[in-house]
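Breakdown of the fold
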Amino acid sequence: MKMAGFGYRRAASLASLADALDLAIQAYGNVDCLAASAAKSACVKALGKHRNLPVEMVDESALSSVTTLTQSQASLREKGIGSVAEATALAAAGRGAQLLGPRVISADRMATCAVAEGNAI
């Protein structure tokens, strides 16, 4: 199953997330599910409804132990995680999941999206 995980700023719009998802799909192919930390789920749930994709919630405490490809200074400073999008995608995709590549960034730089493939159902 391919999971698209998101990280985004408070001011990000649905269009920001949609742009990041479109870029991720261009880079890594179609996804089966969207994922977000439970604390930042509203915008991702709206995108899932709009795109007719299920949304998986990930407990934010599970993200800190995930190793990411990207080491964003802003993300490290704010969340202690190299990439929220990558960590979310990996956590949602399940044990043994792998990123298909580094996160992508929306044109307005308000949202990121990463895709991981794993055995989560």
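Residues numbered from 1 in each chain as written. Predicted model: local features only at pLDDT ≥ 70, side-chain atom pairs only at ≥ 80, totals over all residues. Heavy atoms only, no water.

Some words on the confidence of the model for the protein
For the record, the criterion: For every residue, the predictor reports its confidence as pLDDT, a number between 0 and 100. Each helix corresponds to a stretch of at least 4 residues labelled H or I by DSSP, and each strand to a stretch of at least 2 residues labelled E; elements are numbered beginning at the N terminus.
In this model, the protein carries an average pLDDT of 90, and 98% of its residues clear a pLDDT of 70 or more. Averaged pLDDT values for the elements of the protein fall to 77 in helix α3 (residues 73-79) and rise to 97 in helix α1 (residues 14-28).

Here we look at the side chain of lysine 2
Threshold: Type-normalised accessible area, obtained with a 1.4 Å probe on protein chains alone, sets the label of each residue: buried when under 20%, exposed when over 50%, and partly exposed for intermediate values. When charges are tallied, Lys and Arg are placed among the positive residues and Asp and Glu among the negative ones, while His and the ends of the chain are skipped. What makes a salt bridge here is a side-chain nitrogen of Lys or Arg within 4 Å of a carboxyl oxygen of Asp or Glu, nothing more. The contact definition used throughout considers only heavy atoms, calling two residues in contact when any of these lie within 4.5 Å.
Residue position: lysine 2 is located in strand β1 (residues 2-8). For the buried lysine 2, which has no salt bridge, the nearest side chain bearing the opposite charge is glutamate 117, at an N-O separation of 5.8 Å. Setting aside anything within four residues of it in sequence, one finds lysine 2 in contact with Tyr28, Gly29, Asn30, Val31, Asp32, Cys33, Leu100, Val115, Ala116 and Glu117.

Quick notes on unusual backbone geometry
Of note, the phi angle at asparagine 52 is positive, near 60°, even though the residue is not glycine. Structurally, asparagine 52 can be placed in the loop between α2 (42-51) and β3 (55-58). The class for asparagine 52 is exposed, based on a relative accessible area of 70%. Positive phi values are uncommon outside glycine, yet arginine 109 reaches one of about 65°.

Here we look at the environment of arginine 77
Following the sequence through the fold, arginine 77 ends up in helix α3. Taking relative accessible area as the criterion, arginine 77 reaches 61% and is therefore assigned exposed. As a C-alpha pair, arginine 77 and cysteine 33 span 44 residues in sequence and 28 Å in three-dimensional space.

Details of the packing of α1 against α2
Short version of the rule: The axes are straight lines fitted to the C-alpha atoms, using for helices just the contacting stretch, and the angles between their N-to-C directions are given from 0 to 180°. Crossing chirality is assigned from the near helix's rotation relative to the far helix, an anticlockwise turn below a right angle marking it left-handed and a clockwise turn marking it right-handed. Gly is put with the polar residues, along with every residue not named as nonpolar or charged; the nonpolar set is Ala, Val, Leu, Ile, Met, Phe, Trp, Tyr, Cys and Pro, and the charged set is Asp, Glu, Lys and Arg.
Interhelical geometry of α1 versus α2 gives an angle of 60° and a closest axis separation of 10 Å. Crossing of α1 against α2: the hand is right-handed. For the pair α1 and α2, the contacting residues are Leu14, Leu17, Ala18, Leu21, Asp22 and Ile25 in the first and Cys43, Val44, Ala46, Leu47 and Arg51 in the second. Class assignment for the residues of the contact of α1 with α2 results in nine nonpolar, no polar and two charged.

Details of the state of the cysteines
As a reminder of what qualifies: Cysteine sulfur atoms that pair up within 2.5 Å are treated as a disulfide.
All told, the structure shown has zero disulfides when counted by the stated rule. Of all cysteine sulfurs in the structure, the one in cysteine 113 sits closest to cysteine 43, which takes part in no disulfide; the separation is 12 Å. Of all cysteine sulfurs in the structure, the one in cysteine 33 sits closest to cysteine 113, which takes part in no disulfide; the separation is 12 Å. Take cysteine 113: its relative accessible area is 0%, and that puts it in the buried class.

Details of helix α4 (residues 84-93)
Burial within α4 is extensive, with nine of its 10 residues counted as buried. Of the residues making up α4, those classed as buried are Val84, Ala85, Glu86, Ala87, Thr88, Ala89, Leu90, Ala92 and Ala93. Looking one or two residues past α4, glycine 94 carries a phi angle of roughly 95°, positive in sign.

As for the pattern of salt bridges
Opposite charge on two side chains permits pairing when their charged atoms draw close. Inspection of every chain in the model, using the stated rule, returns one salt bridge. Arginine 51 is the partner of aspartate 22 in a salt bridge, and the nearest nitrogen-oxygen pair spans 2.9 Å. Separated by 29 residues along the polypeptide, aspartate 22 in helix α1 and arginine 51 in helix α2 bring together distant segments of the chain. Overall, the relative accessible area of 32% leaves aspartate 22 in the partly exposed class. With a relative accessible area of 29%, arginine 51 lands in the partly exposed category.

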